[in-house]
Every structure is written in C-alpha cells, then in structure tokens.
Amino acid sequence: MTNGSTRNRLKQKVKSHIPKDWLTEIRIAYRILIETFKGIAQAGFVVNLAIVTSMAAILLIFGTIFRTTLSLSSFVDEMGGTLEISVYLEPQADVGATTKQIKKIKHVKSVSFISKEKSWNDLKREIEMPDIDNPLPDVLRVKIDNMKNIDPIMAEVKKLPDIQDTGYAKELAQKAEALNKISHTVTLVVMVVASLLTITIINNTIQLVIQSKKEEIEIMRLMGVSNWYIKCPLVLQGAIYGFLGAMLAVVPINIVQKYLQMAHEHFSIPVFSFAQGLVVLSVILVGVFFSAGGSLMSIKKHLQV
C-alpha cells in the first residue's frame, strides 16, 4: 500500500513538470472547427436549409406548447387563489371564535363573514321572494392559497363545532385542475416527440456526411488519428444544426409570448417572471443536446471508431 502511494505521488510530480504545449492544443481545436464547418459546407445550402428549418419547426411546436402550459398554470394558480369555500354556520354559532379557528388552518388566506340578513336582502333584490322568515344561515367565506388544498382544508373545517355544512365550486375546480394536468402531459409528449424527430433528422444527416467522408476517415484512422478527433467535428456539426434551428424557432416563439403576455395583462393575472427566459433556454438546450446526441448515435451506428 505504501509503495503504491509513493508511486502515485511520483507520477503526479513528474506529470506536473511535463510542459504543456498549449499551441498544439489550440491548433487541434482549430482543425476540429475547420472540419466541422467543412462538413456543413459539404452538405450543401439546400440540405442545410432543410435541416435547420425542419428542426426550427419541431422546436417551435415544442416551445409554443411549453410557453402556453406555463401561462395556463398561472391561470389555474390564480383561480385557486380566488376560489372560496362557503362555510355555513349553525344558528347558535360563535362567529368570532369559529373565524379564529379557521384562520389557524394551514393554507387559509383569509376569512370573511356574511350575515344571513345580508344574504337574504341580496336574494330578495335579485328574485321575488314570498313574505317568509329568513331561512338562510350565516356564512363564512374562506379563501385558500391553492385549489389543491381545498379537500384537506374542508376536512379540517368540518371537524370544528357549530359548522352546519360546507361547499365550493367543485366542478369548476376539478375541470381547471384536469386542464392543467392535460397541458403538462401534452408538453411532455411533445418534448419526447420533438427529441425523437431531432435525433432522427441529425442521425440521417450525419450518416450522409460519414458516407461522403468515408475514405478520408479511413486514411485518418490508418495514420493513427485519435477517435475523438474524428468524432468531435461530427458531434459539433449536429450541435450547430440544433442551435441554428433553436435560434430560428425563438423568433416566432417570442411573438407567441408577446400575445400571451397581453392575455395576462387583460385578465390581471401575473405571469411567471422567468417564463420567457425558461422557454428560450429549454428550446436551445433541447435543440443542441438532442442534435449532438443524434450525431453520437449515428457515429456509433455507422462509424466503428
């Protein structure tokens, strides 16, 4: 064990004194970039345009649905923040004590009291009522922070004394929550489909590049050129296609974001402050990452290096 540790220390010491030829590394990086753009040029303008525009269309669909999902989530969250639970009190209920108890429940934003006299007068103004005694109970309007917390809060409220009944717009809340889940699922599915299409397009493109440079690659292998030097230009080529496609898709996505912002302002619903940046970053990452991944898959399949 001691000999092994000593040997490792000597290796590190020797390695630290070996001069690094940074100029050579810069030259290698330069040659890799040259080979990358050479491969793009060999593909031809029409082919490059078709690849970039196809990827831009795919990423546009993904980015638009993703951005719409973020806005829909904001609408659902805002709806949850304005949703109220109606708590109907017994005739002998202590309104002040019950209000304090409800305010202590987690996720309750506020509690307001509506007397049965006010409810009865409002009802008589809206519709013609017979001359009978007021049958309505006193009501507490309970606002919550998120519609996901409705059922737990109602369960806690029902445990309190002097509570006659509770209710809320259950059907509306369920529909809003279902719509939110559907939008998230659609976004995930579109992302998977966009990723597969991106990988397929790049895979086919890199395959054509490999076939056109087959003899050149064989010569490099015979000369002892390292595998990563052969692979890097192809991977970078795929990443560049993905980046250009993403940049092209960002333009119409920003237009979509502008109209969604107007919708938020019209309904006075706050928008996620990071929404625009998040969507743009996601589109770029999906484009670059899966394009580079498609290149790697094509290299492993069609190029034995």
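That block above? That's the structure.
A quick note: this is a predicted structure, and the numbers were derived from the prediction, not measured.

Rules behind the numbers
- Residues numbered from 1 in each chain as written.
- Predicted model: local features only at pLDDT ≥ 70, side-chain atom pairs only at ≥ 80, totals over all residues.
- Heavy atoms only, no water.
- Helix = DSSP H or I, 4+ residues; strand = E, 2+ residues; numbered from the N terminus.
- Buried < 20%, exposed > 50% of the residue type's maximum accessible area, 1.4 Å probe, protein only.
- Areas by Shrake-Rupley, 256 points an atom, 1.4 Å probe, with all protein chains shown as cover.
- Salt bridge = Lys/Arg side-chain N within 4 Å of Asp/Glu carboxyl O.
- Pairing = 2+ DSSP bridges.
- Axes fitted to C-alpha atoms, helices over the stretch in contact; angles between N-to-C directions.
- Patch = residues over 30% accessible without salt bridge, like charges linked within 9 Å, V, L, I, M, F, W, Y side chains within 5 Å.
- 1 Å grid on protein atoms, 1.4 Å probe; cavity = no way out; pocket = protein on both sides within 12 Å on 5 of 7 lines; lining within 4 Å.
- Points joined across faces, edges and corners; volume = space filled by probe spheres on them.
- Nonpolar A, V, L, I, M, F, W, Y, C, P; charged D, E, K, R; others polar.
- Contact = heavy atoms within 4.5 Å.
- Phe/Tyr/Trp six-rings, centres within 6.5 Å; stacked < 30°, edge-to-face > 60°.
- Expected span 1.5 Å × (residues − 1).
- Bend = angle between axes of the 7 residues up to and from the residue.

**Quick word on the overall build of the protein chain**
When helices and strands are tallied, the protein chain shows ten helices and four strands. Seen in sequence order, the protein chain has helices and strands lined up from the N terminus as α-α-α-β-α-β-α-β-α-β-α-α-α-α. Counting the 305 residues in the protein chain, one finds 36% classified as buried. Total accessible area on the protein chain stands at roughly 18,700 Å², and carbon and sulfur atoms take up 63% of it.

**Some details on the pattern of salt bridges**
A full pass over the atoms with the stated rule returns two salt bridges. Of the charged contacts, one joins R31 and E35 as a salt bridge, the two residues approaching to 3.3 Å between their closest N and O atoms. Of the two residues, R31 and E35 are both situated in helix 2 (residues 22-43); the distance of four residues between them amounts to about one turn of the helix. Judged by relative accessible area, R31 falls into the partly exposed class, the value being 36%.

**Considering the sheet that holds strand 1 (residues 84-89)**
What the four strands build is an open sheet, ordered 2-3-1-4; its pairing is antiparallel. In this open sheet, the two edge strands, each paired with only one partner strand, are strand 2 (108-114) and strand 4 (163-167). Each strand of the sheet is rotated relative to its neighbour by a mean of 20°, with strand direction disregarded. Two strands pair when backbone bridges link them, and strand 1 and strand 3 (residues 139-144) are joined in this way by five bridges, in the antiparallel orientation. In the sheet register, Y88 faces strand 3, and the bridge partner there is V139.

**Section: a nonpolar patch on the surface**
On the surface, a nonpolar cluster with roughly 430 Å² of combined accessible area is contributed by V251, I255, Y259 and M262. Looking at where V251 falls in the secondary structure, it is placed in helix 9 (residues 227-266). On the basis of relative accessibility, which here comes to 52%, the residue V251 falls in the exposed class.

**A word on empty space enclosed by the protein**
Evaluation of the coordinates by the stated rule reveals one cavity of 30 Å³ or more. In this structure, the largest cavity occupies an estimated 60 Å³ of space. Broken down by secondary-structure element, the contributors of at least two residues to the lining of the largest cavity are helix 8 (214-222) and helix 9. Here the lining of the largest cavity takes four residues from helix 9, the largest share from any one element. In the lining of the largest cavity, the residues fall into six nonpolar, no polar and two charged.

**Let's talk about the environment of I284**
Within the element layout of this structure, I284 appears in helix 10 (residues 275-302). Residue class for I284 comes out buried when judged on its relative accessible area of 19%. Remark: the alpha-carbon pair of I284 and G242, spanning 42 residues in sequence, is separated by 7.5 Å. Excluding its chain neighbours within four sequence positions, the residues that come into contact with I284 are F243, A246 and M247.

**Re the side chain of T187**
Tracing the backbone through its elements, the reader meets T187 in helix 7 (residues 170-212). Once residues lying within four places of it in the same chain are set aside, the contact partners of T187 are I65, F66 and T69.

**Some thoughts on the packing of aromatic side chains**
Between two aromatic rings, the relevant description is the distance of the centres plus the angle of the planes. Here the structure, examined in full by the defined rule, presents two aromatic pairs. Seen in terms of ring centroids, F62 and F66 are 5.9 Å apart; in terms of plane orientation they differ by 15°. Their pairing is stacked. Placement of the pair is F62 and F66 together in helix 3 (residues 45-82), with a separation of four residues, close to one helical turn. Assigned by exposure class, F62 and F66 land together as buried.

**Looking at the side chain of T99**
Along the polypeptide, T99 turns up in helix 4 (residues 95-103). Apart from residues no more than four positions distant in its own chain, T99 is found in contact with V111 and L140.

**Overview of the environment of A239**
Position of A239 relative to the elements: it lies in helix 9. Classification of A239 as buried rests on a relative accessible area of 15%. As for A239 and G294, which are separated by 55 residues in sequence, their C-alpha atoms are 9.1 Å apart.

**So, helix 9**
When the terminal C-alpha atoms of helix 9 are compared, their 57 Å separation across 40 residues agrees well with the 58 Å that a helix rising 1.5 Å per residue should span. The sharpest bend along helix 9 measures roughly 30° and falls at V251, with the proline P252 sitting one to four residues further on. Where helix 9 ends, the next residue or the one after it, S268, has phi of about 55°, a positive value.

**Structural notes on the pairing of strand 3**
Of the pairings in the sheet, the one linking strand 2 to strand 3 comprises six bridges and is antiparallel in character. If you follow V108 over to strand 3, its bridge partner there is I144.

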